[in-house]
Amino acid sequence: MRSETLKVPGASLYYEVRGDGPVLLLLPGSGGDAAVFDPIADTLAAQFTVVTLDPRGYSRSTLDSVEPVDQQVAVQRDDAYRLIETLTPAGEDAYVFGGSGGAVVALDLLAHHPERLRLVVAHEPPCFAILPDAAEQKVFIDEVYTLFRTEGVAVAGARFMEGIGGTMKPMPNPADLPPRAAEMIHRLHANAALMMAHELRPITAYLPDERTLATHTDRLILAAGKETRGHLPHRPAATLADRLHLPLTEFPGGHSGFTEAPTEFAAQLLDLLLAARVP
């Protein structure tokens, strides 16, 4: 594995590359970074050039500005596109997997740059604004944000976990992990306040461009975890799949299935990616 940085407008992106073959960009959820995909990256790298990144402002991807700024989906989309353009040879297509907030970015990437993509797998995008009870979900997110501002990230995080159904597992104790994983956990804890302050509301308020996505459903897989069925993290993917007349693909585990059941998750994802490579 090698690590690099890419200068983009307003930031420097840290990313990691491993493997060989077509480019597969893995987009982490809000507040995540490149290392969250360690449990599945090596398996995927047997067939693909796997690219993982720290989204701008998080972990090792620094902003040019001194003060943090709100994370906008369009800006993260452009960052992902520039990374694809940098690493994907001319005339070749890239593959994208996005989890949680990264799935929202992946949907926006497909809507704006379909010509560069062979397949997008969007796993549990938290675009609550598309739900029939969107107004209720906005009240919930506003409550979480207010708790963050008044009582801190721990209280807000607990309310968020409760509100989405309690299906997400807590992060492990860094003391019980090998050094690289422990360092990631420390970074994710540091990212949490930035995520609450600057990304929670924009990412959950995102409305996918359904009209454009409907013209590219041959390159889109909407996915959700088996263990979140019936809970909030599962619902936006199911709703969007229904509107686009696509099947909903269920993966092992829950919202973070690639860390909860990495062997099974990677095998299923690899099967989908390889099927898309067949002419």
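Up top you'll find the structure we're talking about.
Cut-off values and rules
- Residues numbered from 1 in each chain as written.
- Predicted model: local features only at pLDDT ≥ 70, side-chain atom pairs only at ≥ 80, totals over all residues.
- Heavy atoms only, no water.
- Helix = DSSP H or I, 4+ residues; strand = E, 2+ residues; numbered from the N terminus.
- Buried < 20%, exposed > 50% of the residue type's maximum accessible area, 1.4 Å probe, protein only.
- Areas by Shrake-Rupley, 256 points an atom, 1.4 Å probe, with all protein chains shown as cover.
- Lys, Arg positive; Asp, Glu negative; His and termini not counted.
- Charge placed at Lys NZ, Arg CZ, Asp CG, Glu CD.
- 1 Å grid on protein atoms, 1.4 Å probe; cavity = no way out; pocket = protein on both sides within 12 Å on 5 of 7 lines; lining within 4 Å.
- Points joined across faces, edges and corners; volume = space filled by probe spheres on them.
- Salt bridge = Lys/Arg side-chain N within 4 Å of Asp/Glu carboxyl O.
- Expected span 1.5 Å × (residues − 1).
- Arc of directions from axis to C-beta.
- Contact = heavy atoms within 4.5 Å.
- Nonpolar A, V, L, I, M, F, W, Y, C, P; charged D, E, K, R; others polar.
- Core = buried A, V, L, I, M, F, W, Y, C linked by side-chain atoms within 4.5 Å.
- Phe/Tyr/Trp six-rings, centres within 6.5 Å; stacked < 30°, edge-to-face > 60°.
- Lys NZ or Arg CZ within 6 Å of the ring centre and 35° of its normal.

Novice: Tell me about the overall build of the protein, residues and numbers included.
Specialist: Across its full length, the protein holds 11 helices and 9 strands. Summarising its shape, the C-alpha atoms of the protein cover approximately 55 × 40 × 35 Å along the three principal directions. Out of the 279 residues belonging to the protein, those deemed buried represent 52%. A total of about 11,800 Å² of accessible surface is found on the protein, and carbon and sulfur atoms cover 55% of it. In the protein, the 23 positive side-chain charges and the 36 negative ones have mean positions that sit 3 Å from each other.

Novice: Go over the layout of surface pockets, please, and point to the residues and values.
Specialist: Of the pockets and cavities examined, the largest pocket occupies roughly 1,300 Å³. Contributing to the lining of the largest pocket are 45 residues, with Ser30, Met168, Met171, Leu188 and Ser256 lying nearest its centre. Considering every element that reaches the lining of the largest pocket, the biggest residue donor is helix H6 (residues 179–198), with 10 residues. Of the pockets and cavities examined, the second largest pocket occupies roughly 160 Å³.

Novice: Which residues make up the pattern of salt bridges, and what are the values?
Specialist: Evaluated as defined, the whole model comprises 23 salt bridges. Arg235 is the salt-bridge partner of Asp133, the closest N and O atoms lying 2.9 Å from each other. Taken as a pair, Asp133 in the loop between strand S7 (117–123) and helix H4 (134–151) and Arg235 in helix H9 (residues 235–243) lie far apart in primary sequence, 102 residues in all. A network of salt bridges, in which partner residues are shared, links Glu16, Arg18, Asp33, Asp38, Asp42, Asp54, Arg60, Arg180 and Arg187.

Novice: Any details on helix H11 (residues 262–277)? Residues and values, ideally.
Specialist: Here H11 is 16 residues long and its end C-alpha atoms lie 22 Å apart, about the 22 Å a rise of 1.5 Å per residue gives. All of the buried residues along H11 are Phe265, Ala266, Leu269, Leu270, Leu273 and Ala276. The buried residues of H11 occupy one face: seen down the axis, they fall within an arc of 125°. For H11, the exposed residues set more than 90 degrees away from the buried face come down to Thr263, Asp271 and Ala275. Where H11 is buried, its residues meet strand S3 (23–27), helix H1 (38–44), strand S6 (94–99), S7, strand S9 (248–251) and helix H10 (257–260).

Novice: Which residues make up H9, and what values go with them?
Specialist: Looking only at H9, the buried set comprises Pro236, Ala237, Thr239, Leu240 and Ala241. Tucked into the core, H9 has its buried residues touching helix H3 (101–112), helix H8 (210–213), strand S8 (220–225) and S9. Residue His245 follows H9 closely and has a positive phi angle near 60°.

Novice: Tell me about empty space enclosed by the protein, and please be specific about residues and values.
Specialist: Overall, the coordinates contain 1 cavity of 30 Å³ or more when judged by the stated rule. Estimates place the volume of the largest cavity at around 100 Å³. By residue class, the composition of the lining of the largest cavity is 7 nonpolar, 3 polar and 2 charged.

Novice: Lay out the nonpolar core in plain terms, naming residues and giving numbers.
Specialist: Among the nonpolar cores identified, the biggest contains 40 residues, and Leu25, Val96 and Leu222 are the most heavily contacted of them. The element that contributes the greatest number of residues to this core is H3, accounting for 8 residues. Here Leu222 is in contact with Leu107, Ala122, Ala237, Leu240, Ala241, Leu244, Leu246, Pro247, Leu248 and Thr249, once residues within four sequence places are set aside. Judged by nonpolar contacts, the second largest core, of 28 residues, contains Leu24, Val36, Val121 and Ala223.

Novice: Residue-level account of unusual backbone geometry, with values.
Specialist: Although it is not a glycine, Glu124 adopts a positive phi angle of roughly 55°. Looking at the secondary structure, you find Glu124 in the loop between S7 and H4. For Glu124, a relative accessible area of 0% translates into the label buried. One non-glycine residue, His245, lies in positive phi territory at about 60°. If you trace the backbone, His245 turns up in the loop between H9 and S9.

Novice: Talk me through the packing of aromatic side chains; I want residue IDs and the actual numbers.
Specialist: Two aromatic rings, taken as a pair, are described by how far apart their centres are and by the angle between their planes. Under the counting rule described, the total for this entry stands at 9 aromatic pairs. Their ring planes at 90° and their centres at 6.2 Å tell us that Phe97 and Phe258 sit as a pair that is edge-to-face. With Phe97 in strand S6 and Phe258 in helix H10, the pair connects residues that are 161 residues apart, well separated along the chain. Seen in terms of ring centroids, Phe97 and Phe265 are 5.8 Å apart; in terms of plane orientation they differ by 85°. Their pairing is edge-to-face. Pair noted here: Phe97 is in strand S6 and Phe265 is in helix H11, with a separation of 168 residues, a long-range link. Joined through ring pairs, the aromatic side chains of Phe37, Phe97, Phe251, Phe258 and Phe265 make up one cluster. Across the ring face of Tyr145, the terminal group of Arg201 is positioned such that the distance to the ring centre comes to 3.6 Å. Above the plane of the ring of Phe48 lies Arg277, whose end atom (NZ or CZ) is 5.1 Å from the centre.

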